[in-house]
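Coordinates in review
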Amino acid sequence: MRAVVQNDKSRASRRGSRAPRATAVLAVAVAALAAGCAQGDDQGVRGAAGQQAPPARAVDGAAKAREARAALVAAAQRWDLKRVPLAAPAPPAKKPEIKAREGFEVDGQESDGLPPVFTTVPTKEKIVFLTIDDGAEKDPAFLRMMSELKIPYTVFLTDEEIKDDYGYFKKMQARGVTLNNHTLSHPYLPALSYAEQKREICGMQDVMEKRYGKRPVLFRPPYGNYDGDTLRAAKSCGIKYAPIWSEEVYVDHWEYREWDQDLHPGDIVLTHFRGTDDWDGTMTDMVRRFLDRITADGYAVARLEDYL
């Protein structure tokens, strides 16, 4: 497995942190939706002669659904998306069996019950999972964007990158985001002894419990590199899964693991907490690129933890 470079230093056309522009398509959608809501509400009040009015609970539910849809359309317009993000289907009642990806196993993988390393979740649904690493950039606009658009995501945190502002990720956690382990200092783990790897992983578990009240069960090895000692140390620290990724998205391009250079149902997508110091754009620019691409291809973003 190759080491994935964490920072993209290329300089494409800079978008910076400009204010989002409303698109014509979304503007029309907002107007149409508003008109539809007004018409629907009026008809619900008057009813038709001789017809029994629907139960109040059903009317309230429909009204709330229209309001939620209108809010989502408006949010997509505010953040300059080309299309409104698609809603993910409900997670399966029976979760899929997660095994180590073929070729990604280590000696003793099954016999020792080691955390599986995988890049894709088994599913036929057109969904992907957004995961974000390290915690270097702490952009308030990113939190607002993801909350307004109702996009689920999973983060893997490194203590060296988050210790200057643990509170930023506390706000993220309060919004329902799961915070996971990405080691204390982001080393190349296979170069370390078992004891040193265990300190990196278990030490981060201690930080997560102290700062956020939970010891994660998900761990991502830095650069996606690991060996048998990594997974044994992770297991001893309470880790159950070691997801890595199929695609990586930057502010100006994508990188793919598979030969067809395309998305697949259940793929795990990686990005990083980065801003204009490292990218030709912001976190919100990156999210816009990600959402525009997957929505155009008919994919929705699902919550990784719902499938594990």
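Please refer to the structure higher up on the page.
Position numbers for residues start from 1 in each chain and track the written sequence from start to end. Confidence filtering applies because this is a predicted model: local features only for residues at pLDDT of at least 70, side-chain atom pairs given and counted only at 80 or more, and all residues used for totals across whole chains, interfaces and linings. The basis for the side-chain values is all heavy atoms of the structure; hydrogens and waters are excluded.

1. So, the packing of helix α3 (residues 140-149) against helix α8 (residues 283-296)
Every axis in this analysis is a line fitted to C-alpha atoms, fitted for helices over the stretch in contact. Angles between the N-to-C directions lie between 0 and 180 degrees. What counts as a helix is a DSSP run of H or I of at least four residues, what counts as a strand is a run of E of at least two, and both are numbered from the N terminus. For the pair α3 and α8, interaxial distance at closest approach is 8 Å and the crossing angle is 30°. In terms of axis orientation, α3 runs roughly parallel to α8. Taking contact as the criterion, the partners of A141, F142, M145, M146 and L149 in α3 are, on α8, M283, T284, V287, R288 and L291. Under the convention adopted here, Pro, Cys and the residues Ala, Val, Leu, Ile, Met, Phe, Trp and Tyr are nonpolar, Asp, Glu, Lys and Arg are charged, and Gly plus all remaining residues are polar. Partitioned by chemical class, the residues of the contact of α3 with α8 number 8 nonpolar, 1 polar and 1 charged. Our angle categories are set so that under 35 degrees counts as roughly parallel, over 145 as roughly antiparallel, 65 to 115 as roughly perpendicular, and the remainder as oblique. A contact between two residues is defined here by any heavy atoms of the two lying within 4.5 Å.

2. Structural notes on the state of the cysteines
Only a pair of cysteine sulfur atoms within 2.5 Å qualifies as a disulfide here. In the structure shown here, the tally under the stated rule is 1 disulfide. The disulfide partner of C202 is C237, and the S-S distance across this bridge is 1.8 Å. One disulfide, between C202 and C237, carries an S-S torsion of -95° and so falls in the left-handed class. One end of the pair, C202, is in helix α6 (residues 194-212); the other, C237, is in the loop between α7 (228-236) and β5 (242-243), with 35 residues separating them in the sequence. Each member of the pair, C202 as well as C237, carries the same accessibility label: buried. Exposure categories follow from relative accessible area, calculated using a 1.4 Å probe and restricted to protein chains: below 20% of the type maximum is buried, above 50% is exposed, and the middle band is partly exposed.

3. Focus on the environment of D139
Take D139: it is sitting in the loop between β2 (127-134) and α3. Separated by 143 residues in the primary sequence, D139 and T282 place their C-alpha atoms 8.3 Å from one another.

4. Digging into the nonpolar core
Core analysis: the biggest nonpolar cluster contains 48 residues, and F142, L149, Y153, M172 and F290 have the highest contact counts within it. Going through the elements one at a time, α2 (56-78), β2, α3, β3 (154-157), α5 (166-174), α6 and α8 are the ones with two or more residues in this core. Each residue touching M172, except ones within four places of it in the same chain, is listed here: F142, L143, Y153, V155, V177, L179 and F273. Buried Ala, Val, Leu, Ile, Met, Phe, Trp, Tyr and Cys residues that are joined via side-chain atoms within 4.5 Å together make up what is termed a nonpolar core. Residues V117, Y226, Y241 and L304 belong to the second largest nonpolar core, which totals 23 residues.

5. A word on the pattern of salt bridges
The term salt bridge refers to a side-chain nitrogen of Lys or Arg lying within 4 Å of a carboxyl oxygen of Asp or Glu. Under the counting rule described, the total for this entry stands at 14 salt bridges. For E148, the salt bridge goes to R78, with nearest N and O atoms at 3.1 Å. Of this pair, E148 sits in helix α3 while R78 sits in helix α2, and the two are 70 residues apart along the sequence. Judged by its relative accessible area of 29%, E148 is partly exposed. Among the salt bridges present, the one from D112 reaches R232, with a minimum N-O distance of 3.0 Å. Of this pair, D112 sits in the loop between α2 and β1 (117-118) while R232 sits in helix α7; the two residues are 120 residues apart in sequence, bridging distant segments of the chain.

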